[in-house]
Amino acid sequence: MKLSKSFRTLALATAATFGLSLAARAVTVSIMCGTVGQDQTQCKTGADAWAKKTGNTVKIVSIPTSTTDILALYQQILGAHSTDVDVFTLDVIWPGIIGQDFIDLAPYSKGAEKDHFPAIIANNTVDGHLIAMPWFTDAGLLFYRKDLLAKYKLQPPATWAQMASEAATIQAGERKAGNAKFQGFVFQGKAYEGLTCDALEWIDSYGGGHIVNKAGHITINNPKAAAALTEAASWIGKIAPEGVLNYAEEDARGVFQSGNAAFMRNWPYAWSLGNGKGSAIAGKIGVEALPKGGDSGKNTGTLGGWQLGVSKYSKNPAAAASLVMYLTSAAEEKRRAIEGSYNPTRPALYKDPDVLKANPFMGQLLSTFTNAVARPSLETGSKYNQVSTAFWNTVHDVLSGKTKADVALASLQGELKRIRKASWK
Ligand code: GLC
């Protein structure tokens, strides 16, 4: 015990010296930054500050907007053992798919992981290795137009049915008043990972489970899940435009932020931009937990979020780890929360007055974040992306009216069994 402790201290000291000497010879560290909303600019601001502080240089590498496309790109880069990229931004659902391509950050973290939500640290631990540090967390939220609810004397909706009825009222009123483009509700309806998030919320809000349960059993073929999808399909062409079937996060935000929708399902990042310069609806936005599936249903939100990991093929792992530790530090998470409404992964920051002033919803909806429902990525491991692809395609078929929900879910159950074969691992 004593021996291993001193060995660890020695290893840490070596790592620190190594980091210093690397900084001394000023290396270039490349980082993949996202492209949704403020992702790129906020990532660059943080990375540039680290470069200035350490004397290193950072190179920002742009990635696609859709997480589905990013995963495909990463699989190519990592599959080729490319040394071109050092730091990767990783979706919360990927540790079981590409986690083995990242170094263990524990020797560099100086115990920082104890200050982050334990569930995210557990999610990011693969075979005992901390393959990524949590950077920001996400949960689906319902954004609404406070001013329009007041205008039509409506309350923030408690159930999806109430949301649909209010959306119809506001849409009819605004169109009559001259805005032909006005929509009741916008969300992520395109066939990609974002639709998996939205549909899991509808289903979970009805108590229809999480596609695959904790024990690994496929549970998706059930009447509550079918009821949830049937209700969602009824929105298309009525309170949501047909075009929503091709919307990702930024498409929904574009419509809402230009003043053309009453309700929007999106992630927290939309708050800061919606209240920012150039937004048509600054100061008019309300946020609440997503509605319940009927009176006996529950409020829910899919757990999302991003981590930072260092590639096993990086030539400068110590400098790359130093960048990761800087970007996931308390000061940087606080800055990003205030400037970009990125939810911190550190519980302490949910009590920070500056963070709460900029983002009142982070305090009011804390339980939405701490109880967010996980997609079955841990249960299905390396097969998660196949599971999700089958799920979002099925949901897309139901939304577009190609298949009825009960028939579609029965066939999805069979497809998921074929993907699982004998086991998920
Ligand atoms: C957000 C979430 C991420 C999710 C993605 C889906 O980026 O943080 O977890 O997979 O949206 O579009």
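In this text, all values refer to a predicted model and were calculated from it rather than measured experimentally. (Residues numbered from 1 in each chain as written. Predicted model: local features only at pLDDT ≥ 70, side-chain atom pairs only at ≥ 80, totals over all residues. Heavy atoms only, no water.)

Caption draft 1: Region of the structure containing the site of the ligand. Around the ligand sit 13 residues, and of these Asp91, Asp138, Glu249, Gly305 and Arg375 come closest. Here Asp91 contributes a side-chain N or O atom positioned 2.6 Å from an oxygen atom of the ligand. Within the side chain of Arg375, one N or O atom sits 2.8 Å away from an oxygen atom of the ligand. Within the complex, 92% of the 310 Å² of free accessible area of the ligand lies under protein. Comparing atom positions with the cavity grids shows the ligand to sit within the largest cavity. (Near = heavy atom within 4 Å. Polar contact = N/O pair within 3.5 Å; in protein donor to acceptor, adjacent residues only side chain to side chain. Areas by Shrake-Rupley, 256 points an atom, 1.4 Å probe, with all protein chains shown as cover. 1 Å grid on protein atoms, 1.4 Å probe; cavity = no way out; pocket = protein on both sides within 12 Å on 5 of 7 lines; lining within 4 Å. Sits in = over half its atoms within 2 Å of the grid points.)

Caption draft 2: Focus on helix α2 (residues 39-54). Taking 1.5 Å per residue as the helical rise, α2 with its 16 residues ought to reach 22 Å, and the 23 Å between its terminal C-alpha atoms agrees with that figure. Asp39, Gln42, Cys43, Gly46, Ala47, Trp50 and Ala51 are the residues of α2 that are buried. Gly55 occupies a position one or two residues after α2 and carries a positive phi of about 85°. (Helix = DSSP H or I, 4+ residues; strand = E, 2+ residues; numbered from the N terminus. Expected span 1.5 Å × (residues − 1). Buried < 20%, exposed > 50% of the residue type's maximum accessible area, 1.4 Å probe, protein only.)

Caption draft 3: Examining the confidence of the model for the protein chain more closely. When pLDDT is averaged along the protein chain, the result is 95; 94% of the residues meet or exceed 70. Taken as a whole, residues 1-5 scores under 50 in pLDDT and shows 0 contacts with residues more than four places along the chain or in a different chain. (pLDDT = per-residue confidence, 0-100. Contact = heavy atoms within 4.5 Å.)

Caption draft 4: Looking closely at the packing of aromatic side chains. The tally for this structure, following the rule as stated, stands at 16 aromatic pairs. Considering the side-chain rings of Tyr74 and Trp94, the 5.6 Å spacing of their centres and the 75° angle between planes classify their relative orientation as edge-to-face. With Tyr74 in helix α3 (residues 67-79) and Trp94 in the loop between β3 (87-91) and α4 (95-98), the pair connects residues that are 20 residues apart, well separated along the chain. Each member of the pair, Tyr74 as well as Trp94, is classed as buried. These aromatic residues form a ring-pair network of at least three members: Tyr74, Phe88, Trp94, Phe102 and Trp306. Sitting above the plane of the Trp267 ring, Arg265 keeps its charged end 4.2 Å from the centroid. Sitting over the face of the ring of Trp135, Arg336 holds its NZ or CZ atom 4.1 Å from the ring centroid. (Phe/Tyr/Trp six-rings, centres within 6.5 Å; stacked < 30°, edge-to-face > 60°. Lys NZ or Arg CZ within 6 Å of the ring centre and 35° of its normal.)

Caption draft 5: Molecular detail of the sheet that holds strand β9 (residues 261-266). With respect to topology, 4 strands assemble into an open sheet ordered β8-β9-β7-β10, the strand pairing being mixed. Here the strands that pair on one side only, and so sit at the sheet edges, are β8 (183-186) and β10 (285-288). Adjacent strand axes in the sheet meet at a mean angle of 15°, parallel and antiparallel pairs treated alike. In this sheet, β9 lies alongside β8 in parallel orientation, the contact comprising 3 bridges. Bridge assignment links Val186 to a residue of β9, and that residue is Met264. (Pairing = 2+ DSSP bridges. Axes fitted to C-alpha atoms, helices over the stretch in contact; angles between N-to-C directions.)

Caption draft 6: Representation of empty space enclosed by the protein in the model. Under the defined criterion, the tally for this structure stands at 1 cavity of 30 Å³ or more. Volume-wise, the largest cavity comes out at about 390 Å³. Around the largest cavity, the lining is made up of 29 residues, and of these Val36, Asp39, Phe136, Asp138 and Trp306 lie nearest the centre. Among the secondary structure elements, those contributing two or more residues to the lining of the largest cavity are α2, α3, β3, β6 (133-139), α9 (193-205) and β11 (303-310). Of the residues in the lining of the largest cavity, the class split is 13 nonpolar, 9 polar and 7 charged. (Points joined across faces, edges and corners; volume = space filled by probe spheres on them. Nonpolar A, V, L, I, M, F, W, Y, C, P; charged D, E, K, R; others polar.)

Caption draft 7: Structural detail: the pattern of salt bridges. Inspection of every chain in the model, using the stated rule, returns 16 salt bridges. Ionic pairing is found between Arg335 and Glu332, a salt bridge with its closest N-O pair at 2.8 Å. In this pair, Arg335 and Glu332 both sit in helix α14 (residues 330-340), 3 residues apart, roughly one turn of the helix. Side by side, Arg335 and Glu332 carry an identical accessibility label, which is buried. Residues joined by salt bridges that share partners form a network here, namely Lys114, Asp115 and Arg346. (Salt bridge = Lys/Arg side-chain N within 4 Å of Asp/Glu carboxyl O.)

Caption draft 8: Summary view of the state of the cysteines. Taken as a whole and assessed by the stated rule, the structure comprises 1 disulfide. Put simply, Cys33 and Cys43 are joined by a disulfide, and their sulfur atoms are 2.0 Å apart. One quick way to see it: the torsion about the S-S bond of Cys33 and Cys43 is about -50°, and its sign makes the bridge left-handed. Residue Cys33 is located in strand β1 (residues 28-33), and its partner Cys43 is located in helix α2; the two are separated by 10 residues in the primary sequence. As far as burial versus exposure is concerned, Cys33 and Cys43 are alike and both buried. (Disulfide = S-S within 2.5 Å.)

Caption draft 9: Region of the structure containing the domain arrangement of the protein chain. Examined at the domain level, the protein chain breaks down into domain 1 (28-138 + 305-366) and domain 2 (141-302 + 373-420). When each unit is reduced to the centre of its C-alpha atoms, the spacing between domain 1 and domain 2 is 27 Å. Facing 24 residues of domain 1, the contacting portion of domain 2 comprises 23 residues. Summed over both sides, the interface between domain 1 and domain 2 buries roughly 1900 Å², with carbon and sulfur atoms accounting for 67% of that surface. Considering only the surface of domain 1 that becomes buried against domain 2, Ile93, Asp138 and Phe361 emerge as the three largest contributors, covering 27% of it. Applying the counting criterion to the domain 1 and domain 2 interface returns 0 salt bridges. Sorting the residues of the side of domain 1 that touches domain 2 by element identifies α3, α4, α14 and α16 (360-364) as the ones contributing at least two each. Top contributing element to the side of domain 1 that touches domain 2 by residue count: α3, with 3 residues. Residues belonging to the side of domain 1 that touches domain 2 are distributed by class as follows: 10 nonpolar, 11 polar and 3 charged. (Domains from an automatic or database assignment. Buried area = accessible area lost by both parts, 1.4 Å probe.)

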